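Read off the chains here:
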Amino acid sequence: MTFVVTDNCIACKYTDCVSVCPVDCFYEGENMLVIHPDECIDCGVCEPECPADAIRADTEPGMDKWVDFNRKYSERWPVILEAKDPLPTAYDMDGVEGKLSTHFTDKPAAEAA
């Protein structure tokens, strides 16, 4: 089992999950996070920390596509080791349907200067 980040993270990017992860398996895109499924130790401490309720166990129905999605982008994006402020759109975008097709960007997070 592993945990995955789903589409409700898009345009929110809360990072509360990052600060509790014991193995640093979160990776940061421009407007969302993902979990590397091979690095996740299945402890589950991240799931209740997500204000957007965007983290799910891969054993839930329909999560296969999210395992593949998280794997793909965790291999392209940089690891995130510390919590940051959420995106300015987080409150308004939390719970909006269809964000994968309307708001997702595959760009990695901007490098800190």
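Structure first, text after, so check above.
Computed from a prediction, not measured in an experiment: that's the story for all the values here.

Let us look at the overall build of the chain. When helices and strands are counted, the chain shows four helices and four strands. Each helix (α) and strand (β) of the chain, taken in turn from the N terminus, gives the series β-α-β-β-β-α-α-α. In terms of overall size, the chain behaves like a compact globule, its C-alpha atoms giving a radius of gyration of 12 Å where 113 residues would be expected to give roughly 13 Å. Here the C-alpha coordinates of the chain stretch approximately 35 × 30 × 25 Å along the principal axes. The buried share of the chain, reckoned over its 113 residues, is 44%.

This next bit is on the side chain of His36. By the element assignment, His36 lies in the loop between strand 3 (33-35) and strand 4 (55-57). For His36, a relative accessible area of 9% translates into the label buried. In contact with His36, not counting residues within four places along its chain, are Cys25, Tyr27, Arg71, Ser74 and Glu75.

Relative to the helices and strands, Val5 resides in strand 1 (residues 3-5). Note on Val5: relative accessible area 2%, which makes it buried. Along the primary structure Val5 and Arg56 are separated by 51 residues, whereas in three dimensions their C-alpha atoms are 6.5 Å apart. Contacts of Val5, omitting those with residues within four sequence positions, involve Phe26, Met32, Leu33, Val34, Ile35, Ala54, Ile55, Trp66 and Asn70.

A separate point is the pattern of salt bridges. One pass over the full model with this rule turns up five salt bridges. Two residues, Glu28 and Lys13, come together in a salt bridge whose shortest N-O distance is 2.8 Å. Within this pair, whereas Glu28 is found in strand 2 (residues 26-28), its partner Lys13 is found in the loop between strand 1 and helix 1 (16-20), the two being separated by 15 residues in sequence. A residue is classified by how much of its surface remains accessible, and Lys13, at 8% relative accessible area, is buried.

The tally for this structure, following the rule as stated, stands at six aromatic pairs. Ring geometry for Phe69 and Tyr73: centres 4.9 Å apart, planes at 55°, overall tilted. With Phe69 and Tyr73 both in helix 2 (residues 64-74) and four residues apart, this pair spans about one turn of that helix. The exposure classification of Phe69 matches that of Tyr73, with both residues buried. Joined through ring pairs, the aromatic side chains of Trp66, Phe69, Tyr73, Trp77 and Phe104 make up one cluster.

Basis of the calculations
Residues numbered from 1 in each chain as written. Predicted model: local features only at pLDDT ≥ 70, side-chain atom pairs only at ≥ 80, totals over all residues. Heavy atoms only, no water. Helix = DSSP H or I, 4+ residues; strand = E, 2+ residues; numbered from the N terminus. Rg over C-alpha atoms; globule rule 2.2 N^0.38 Å. Buried < 20%, exposed > 50% of the residue type's maximum accessible area, 1.4 Å probe, protein only. Contact = heavy atoms within 4.5 Å. Salt bridge = Lys/Arg side-chain N within 4 Å of Asp/Glu carboxyl O. Phe/Tyr/Trp six-rings, centres within 6.5 Å; stacked < 30°, edge-to-face > 60°.

None of the figures reported here should be taken as evidence of function without further support.
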